[in-house]
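Observations on the model geometry
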Amino acid sequence: MADSGLQPRVVGSLSHSRVSSAAAPWLERLLEAGLFGCALLSVATTAGIVGVLALETLAFFREVSLGQLLFDTQWTPLFHEKHFGLWPLLAGTCLTSGIALLVALPLGLLAAIYLSEFASPPLRRCLKPALELLAGIPTIVYGYFALVFVTPVLQKLVPGLAGFNSLGAGIVLGIMLIPMISSLSEDALFAVPNGLREGAYALGAARLPTIFRVVLPAAMSGIAASVILAASRAVGETMIVAIAAGQQPRLTLDPRVPVETMTAYVVQVSMGDTPAGTLEYRTIFVVGAALFSITFVMNALSFRFKRRFQGSN
Amino acid sequence: MQTLERETSLRRTRARVTERVFIGICLLAVALPLGLLLLLLGELVKDGVERLSWQFLTSYPSRRAELAGILPALTGSLWLISLTALMTLPVGVGAAVYLEEYARGRRGANWIEINIANLAGVPSVIYGLLGLGVFVRQLGLGRSVLAGAATLALLVLPIVILSAREALRTVSPALREACYALGATRWQAIQRVVLPMALPGILTGSILALSRAIGETAPLIVVGALSYVTFLPDGIHSPYTALPIQIFSWVSRPQPEFMVNAAAGIVVLLGCMLLLNGVAILLRHRLQKRVG
């Protein structure tokens, strides 16, 4: 519209006398300013998030040193003897996210390959929204599935699996992430020009070598974007891990025992009655700040990869 | 010569077989999660259906699982979703109109766009912390349904903006130009032509965004939704609980009877979401016919 070459404002002033209900120019300006204000609210939201997290985190560091956060190996802010080492929460988060990606990456990628390379158009049109459905189910429902259905089945297969564990939570989290990987990866695969495939066929390559040696490498940046985005979602996911992975901060990579993720810790403190201004209250903002930083970097990275694949076609 | 031919044909069949196997594995990767979801949903309904009754929908929570109901949770969710819609829809559509109709190509606009894309990737629990810091503490709203709805409104705002922009983009530029040719101002073109044309898309996207908000749990826990409420909200400053919060509190209990309640609660929650999605589809169909 802006590139149409018309000058709406000039037209507007001309029309003022002809169209009886034309808004006055100052009203037009005011409306535009109001709409701009709406758009600006999103910027204010970001500023608010950063501001709130930074403020409480700074207040926290007046009482606890950064060294404690980084070098202590215990996280017990709610106990009498307080330790503020972030590593147990980080380990819990990495463990559940890692298991989730181990599930979501192969399944999501294979699904993307199927949808892009093998499925007939009608089947594709029907399977895509079906997969999206997986991402539309509230996470609390997945948490229930992990705790009530998946963990008891796993307990029969894995000896020594506790009732709360990162294995069950991670697997269910992975299922939730499949559409995220499959959808974006499929876009990337689909965007690979057909000329590349035809070139490979012309050189005598069969279908599978073409997919693995030509199409997948060409779509790699889009696939990377989808995987990083899924990882970021896994790190920030809350209810599945709060329900099924337990609430015991523990520095371990054992998928059978209860752990606590950063997000689950925020939920645990919020469920209790922690008065504002206390050190315990501030810890959730510190954990939130760490969580925000990690997901922000991942999202930015994913955005960069995505732009590369979208720019290439 | 003959052995060479036989070898190539052998290699070809082998390639064809591996291809078939691979396609099978790929298909499995699609079918497995979908099948699992269906299976789990089936188990869920089977578990929850015995508790589902009129009494379950119209009772207050109780220490005895079979007497407990979801009336305060259902009412609270209704309050939350209505207030969220009231707050987020005007702002979201306004922002989308600004970005699509006024700001194309302006430098600040690009910046706002990147910011919105970033916000869409922020974990929902972080929005809870924002709500806790700003609405609950700074603005002194406390653990009120207003604070919860404001938090949810900010959470779904990026989705509303993105879907409203999509809808605005489907309106042909020729229509806008026709408006200007007839002497309309920019706002007149937006108000009388662009918005009515884009309305079905905007409404559908907004309802889908709200149906996501109704299932959000983590931010509400952080801004202090209660888990045991024996009254209904009587205003925007009232304490409240919500359907997902009630489900979470039942899931957190060790007694298996409460798991049945949780399953029944989830069935109701999914039913609400299904209803909203159905309304969105119906609305789009109806309005599209009228505009068309």
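Scoring rules and cut-offs
- Residues numbered from 1 in each chain as written.
- Chains lettered and ligands numbered in written order.
- Predicted model: local features only at pLDDT ≥ 70, side-chain atom pairs only at ≥ 80, totals over all residues.
- Helix = DSSP H or I, 4+ residues; strand = E, 2+ residues; numbered from the N terminus.
- Contact = placed C-beta atoms within 7 Å.
- Rg over C-alpha atoms; globule rule 2.2 N^0.38 Å.
- Buried ≥ 20, exposed ≤ 12 C-beta atoms within 10 Å, placed from the backbone.
- Axes fitted to C-alpha atoms, helices over the stretch in contact; angles between N-to-C directions.
- Parallel < 35°, antiparallel > 145°, perpendicular 65-115°, else oblique.
- Left-handed = near helix turned anticlockwise from the far one by under 90°.
- Nonpolar A, V, L, I, M, F, W, Y, C, P; charged D, E, K, R; others polar.
- Expected span 1.5 Å × (residues − 1).
- Bend = angle between axes of the 7 residues up to and from the residue.
- Domains from an automatic or database assignment.

Right, let's talk about the overall build of chain A for a bit. Across its full length, chain A carries 13 helices and 0 strands. Secondary structure of chain A in N-to-C order comes out as α-α-α-α-α-α-α-α-α-α-α-α-α. With respect to the three principal axes, the spread of C-alpha positions in chain A is 75 × 65 × 35 Å. Considering only intrachain contacts with a sequence separation of at least 6, the fraction spanning at least 24 residues in chain A is 72%.

A count of helical and extended segments in chain B gives 11 helices and 0 strands. Its helices and strands in sequence order give chain B the pattern α-α-α-α-α-α-α-α-α-α-α, from N to C terminus. Its C-alpha atoms give chain B a radius of gyration of 25 Å, more than 25% over the compact-globule value 19 Å for 292 residues. A total of 292 residues make up chain B; the buried ones form 49% of that total. Pairs at least 24 residues apart make up 76% of the contacts formed inside chain B by residues separated by at least 6 positions.

Take the packing of helix α7 (residues 173–181) of chain B against helix α8 (residues 186–214) of chain B next. Residue and element names in this part refer to chain B. Between α7 and α8, the least distance of the axes is 10 Å, while the angle of their chain directions is 150°. One finds that α7 runs roughly antiparallel with respect to α8. As α7 packs across α8, the resulting crossing turns out to be right-handed. Touching Leu175, Arg176, Cys179 and Tyr180 of α7 are Gln188, Ala189, Val193, Val194 and Met197, all from α8. Each residue belonging to the contact of α7 with α8 can be placed in one class, and the counts come to 7 nonpolar, 1 polar and 1 charged.

Residues and elements named next belong to chain A. Along its 19 residues, helix α6 (residues 139–157) runs 25 Å from first to last C-alpha, staying within 8% of the 27 Å computed at 1.5 Å per residue. Taking the largest bend as the criterion, α6 deviates by roughly 40°, centred on Val150, and proline Pro152 comes between one and four positions later. If you check which residues of α6 are buried, you get Thr139, Ile140, Val141, Tyr142, Gly143, Tyr144, Phe145, Ala146, Leu147, Val148, Val150 and Thr151.

Right, let's talk about the domain arrangement of chain A for a bit. Interface size is commonly expressed as the accessible area that is lost once the parts come together. Residues and elements named next belong to chain A. In terms of domain boundaries, chain A breaks down into domain 1 (2–62) and domain 2 (87–311). The centre of domain 1, based on its C-alpha atoms, is set 36 Å off from the matching centre of domain 2. Each side of the interface is counted separately: domain 1 has 7 residues, and domain 2 has 7 residues. When grouped by side-chain class, the residues that make up the side of domain 1 that touches domain 2 number 5 nonpolar, 1 polar and 1 charged.

All right, on to the domain arrangement of chain B then. Residues and elements named next belong to chain B. Domain boundaries in chain B define domain 1 (2–48) and domain 2 (57–291). Using C-alpha coordinates to define each centre, domain 1 is positioned 39 Å away from domain 2. Across the boundary between the two partners, domain 1 contributes 4 residues, which contact 5 residues of domain 2.

So, on to the environment of Met220 of chain A. Residue and element names in this part refer to chain A. Locating Met220 in the fold gives a position in helix α10 (residues 220–236). Exposure remark for Met220: the 15 C-beta atoms within 10 Å place this residue in the partly exposed category. Distance from Met220 to Gly168, taken between C-alpha atoms, is 30 Å for residues 52 residues apart in sequence.

On to the interface of chain B and chain A. In this assembly, 72 residues from chain B lie in contact with 75 residues from chain A. If you tally residues by element for the side of chain B that touches chain A, the top one is helix α1 (residues 2–48) of chain B, at 17 residues.

Helix α10 (residues 243–251) of chain B packs onto α6 of chain A with a crossing angle of 15° between their chain directions and a minimal axis gap of 10 Å. Considered as vectors, α6 of chain A and α10 of chain B are oriented roughly parallel to each other. When you trace α6 of chain A past α10 of chain B, the crossing you get is left-handed. Two secondary-structure elements touch here, α6 of chain A through Ile140, Gly143, Tyr144 and Leu147 of chain A and α10 of chain B through Pro244, Ile247, Phe248 and Val251 of chain B.

Tracing the backbone shows Ser185 of chain A in helix α7 (residues 166–190). A sequence separation of 76 residues divides Ser185 of chain A from Leu109 of chain A, and the C-alpha atoms of the two residues are 6.8 Å apart.

A few words on the environment of Phe309 of chain A. All names here are of chain A. Residue placement: Phe309 occurs in helix α13 (residues 279–311). Taking the C-alpha atoms as reference points, Phe309 and Ala205, 104 residues apart in sequence, are found 24 Å from one another. When sequence neighbours within four positions are dropped, the list of residues in contact with Phe309 reads Ala188, Ala191, Ala219, Ser221, Gly222 and Ala225.

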